[in-house]
Amino acid sequence: MSINLSLYLVTDSTPAILKGRDLCTVVEEALKGGVSIVQYRDKTNDTGVLVETAKKLHAITQRYNVPLIINDRVDVAIASGAEGVHLGQDDMDIEAAKKLLPGNAIIGISVSSVEEARRAVEQGADYLGIGTMFATPTKTNTKNIIGTAGTKKILEAIGDMDRKVGAVSIGGINLSNVQRVIFQSQASNKGLDGVAVVSAIMGADDPKSAAQEFVKRISTLPPFAVLPPAPRPNEVDALLSEVPTVVQEMVSAHPLVHSMINFVVANFAANVALAIGSSPIMSPYGDEAADLAVHGGGLLINMGTLNGESVSNYLKAIQAYNARGNPVVYDPVGAAATEIRRAAVKQLMAGGYFDLIKGNEGEIREVFGNSAGRQRGVDSGPSTLNNREKAALARDLARRERNIVLLTGAVDYISDGNRVIAIGNGHEFLGQVTGTGCALGTVSGAFLTVHRTDKLLAVLSGVLMFEIAAENAAAAEDRVRGPGSFVPAFLDELYAIREAARKGDNSWFTGRAKIQEIHL
Ligand SMILES: *[C@@H]1O[C@H](CO)[C@@H](O)[C@H](O)[C@H]1NC(C)=O
Ligand SMILES: *[C@@H]1O[C@H](CO)[C@@H](O)[C@H](O)[C@H]1NC(C)=O
Ligand SMILES: *[C@@H]1O[C@H](CO)[C@@H](O)[C@H](O)[C@H]1NC(C)=O
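Residues numbered from 1 in each chain as written. Chains lettered and ligands numbered in written order. Predicted model: local features only at pLDDT ≥ 70, side-chain atom pairs only at ≥ 80, totals over all residues. Heavy atoms only, no water.

The name given to the chain in an unreviewed UniProt entry is Thiamine-phosphate diphosphorylase, and the organism recorded there is Rasamsonia emersonii. Taken verbatim from the UniProt record of the chain, the Function (unreviewed entry) comment is "Condenses 4-methyl-5-(beta-hydroxyethyl)thiazole monophosphate (THZ-P) and 2-methyl-4-amino-5-hydroxymethyl pyrimidine pyrophosphate (HMP-PP) to form thiamine monophosphate (TMP)." Quoted verbatim from the Cofactor (unreviewed entry) field of UniProt, the annotation for the chain is "Mg(2+)". (UniProt positions renumbered as here; feature names shortened; annotations may be inferred.)

In structure tokens:
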């Protein structure tokens, strides 16, 4: 029997999940829906009950030509004639299990680190259960939560080994996150062969249709996924020729941007959005997001003034926008400033997909998990990375998350994981008034909403419109004497570019962009 790990059902016979239904009936419904492998897991019953239940389950799985795997118990697998066992790190080792089991038995191993994964492959495991992906309400042990980033690292490591084994992700996977899990865990040399699902099928009112829906989603990309375009020989020239058109697209589309933004800068960000020709909605209320997302706009999460309710509101909104494939921008303001913010970064990164993560060096380092230590406040601290390291950080985070990363500073670095572009435009007055960085998040959301095929080009177009307007404002010596008078002039110049673009006049852009491709 060949193993198809695609939809791997793990049983759970606790009353809260079975709700009085018979285990065998639930499993059979799930098989009808397309479950491709079943693991019987019961950590409490006596051996006699386990063997009896396993035999009943085996009679059913055989009818569907699907293997039955027994969790932990080699003896129960042998007594019931099941096709294999799944062993944890604390269970019997593979070598001992192989001595007891028939030669063709399937052996799966739970792993949560590269080291455990390599060892399991060397010892002859047939597949790995990689986890824990997400925290689940029933599992209080959270030390092994590795997320998509940790899963990808393990896949990368086993992808390089001579022996090829299967890999499934396990832990908190449900219909709303399954596509993202598969998409973001994909390493350059190996992807997941499937996902293990427990309560999202076992506890579903209709296990058959839940399984059917999983099969559908597993075989398709998530709605927000766009594969970056193939590299071009003259990337910078190509991008320069496309930016004015993208600005025209944005200006004529009036995209809606829903900003969940800090209260310090909400007014300014809304004015910037209006000036560029987009339509701002400032709402911190997560329950409103599903209604707002219907209009096809983008979402900005800016955690500048976090409070006790922010994260749950953000997560609701992110899920609503992700589900429709609308763009979501994350500005992790002050990410490293406090323990609360660090925890918020982790929760948000685990809770949804961000098309763009934008932040200064300290913020991007914190999101990447390579923090330079506590930030003093939410303003950008002194830089400790050189230009090449900044470019590499943007590229590595974008590659890991399969999204766009914009690392802002005197020079901005933008990457989609393949291309890295340095942007030298802007003016120092942008750093002298609050909210300019935050408003750039709203602007990026507007551009991503309109131009979806090349997200790097979309964000780059927004940054250039924004920074060239700032240069124009600062150069207006008759009107601008410092940061105070800069703000109204900046809004005027954004508006002037918008009006030019609306009329198809690209002269505002000619010869102005200072961009360079960085080859790492
Ligand atoms: C133990 O087995 C019985 C009989 O099959 C079943 O009803 C019960 O749910 C099982 N308990 C657990 C915790 O799995
Ligand atoms: C594996 O199982 C999935 C889910 O039922 C199914 O869609 C897919 O076609 C199967 N693959 C193979 C090679 O049989
Ligand atoms: C799916 O799991 C995530 C946790 O990873 C949770 O936040 C979300 O509410 C769940 N969605 C559904 C539909 O159960």
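**Focus: the packing of aromatic side chains**
Applying the stated criterion to the full structure yields 9 aromatic pairs. Judged by centre distance (4.1 Å) and plane angle (10 degrees), the rings of Phe224 and Tyr353 are stacked. Taken together, the residues span a long stretch of sequence, with Phe224 in the loop between helix 10 (207–218) and helix 11 (235–253) and Tyr353 in the loop between helix 15 (339–351) and strand 13 (356–359) at a distance of 129 residues. Like Tyr353, Phe224 is buried. What links up through ring pairs into an aromatic cluster is the set Phe429, Phe466, Phe486 and Phe490. In this structure, Arg402 is placed above the aromatic ring of Phe183, and the distance from its NZ or CZ to the ring centre is 4.1 Å. (Phe/Tyr/Trp six-rings, centres within 6.5 Å; stacked < 30°, edge-to-face > 60°. Helix = DSSP H or I, 4+ residues; strand = E, 2+ residues; numbered from the N terminus. Buried < 20%, exposed > 50% of the residue type's maximum accessible area, 1.4 Å probe, protein only. Lys NZ or Arg CZ within 6 Å of the ring centre and 35° of its normal.)

**Details of the domain arrangement of the chain**
What the domain assignment reports for the chain is domain 1 (7–219) and domain 2 (250–517). Its C-alpha centre places domain 1 at a distance of 40 Å from the equivalent point of domain 2. Listed per partner, the contact involves 7 residues of domain 1 and 9 residues of domain 2. Overall, the association of domain 1 and domain 2 removes approximately 780 Å² of surface from exposure, summing both partners, and the carbon and sulfur fraction of that is 50%. Among the residues domain 1 hides against domain 2, the three largest losses belong to Arg180, Phe183 and Gln184. Together they make up 58% of the total. Across the contact surface, domain 1 and domain 2 share 0 salt bridges. (Domains from an automatic or database assignment. Contact = heavy atoms within 4.5 Å. Buried area = accessible area lost by both parts, 1.4 Å probe. Salt bridge = Lys/Arg side-chain N within 4 Å of Asp/Glu carboxyl O.)

**A word on the site of ligand 3**
Within the structure, ligand 3 sits among Phe134, Gly172, Asn174, Ser176, Asn177 and Gln319. For ligand 3, an oxygen atom lies 2.3 Å from a polar atom in the side chain of Asn174. One of the side-chain N or O atoms of Ser176 is found 3.1 Å from a nitrogen atom in ligand 3. Taken together, the residues of the shell around ligand 3 break down into 1 nonpolar, 5 polar and no charged. (Near = heavy atom within 4 Å. Polar contact = N/O pair within 3.5 Å; in protein donor to acceptor, adjacent residues only side chain to side chain. Nonpolar A, V, L, I, M, F, W, Y, C, P; charged D, E, K, R; others polar.)

**Some remarks on the pairing of strand 13**
Burial along strand 13 is two-sided: Leu356 and Lys358 and Ile357 and Gly359, pointing in opposite directions, are all buried. Relative to strand 13, strand 12 (residues 328–331) runs parallel, the two being bridged by 2 bridges. Note on strand 13: the bridge partner recorded for Val329 is Leu356. Crossover handedness for the path strand 12 to helix 15 to strand 13: right-handed. Pairing of strand 13 with strand 14 (residues 404–407), which is carried by 4 bridges, proceeds in the parallel orientation. Bridge pairing links Gly359 to Leu407 in strand 14. (Pairing = 2+ DSSP bridges. Right-handed = clockwise from strand over helix to strand, strands pointing away.)

**Observations regarding the site of ligand 2**
Near ligand 2, the surroundings consist of Asn4, Ser6, Gly34, Ser36 and Val215. Between ligand 2 and the protein, one listed contact pairs an oxygen atom with a side-chain N or O atom of Asn4 at 2.4 Å. The separation between an oxygen atom of ligand 2 and a polar main-chain atom of Gly34 is 2.6 Å. Look at ligand 2: alone it shows 360 Å² of surface, and the protein chains cover 39% of it. (Areas by Shrake-Rupley, 256 points an atom, 1.4 Å probe, with all protein chains shown as cover.)

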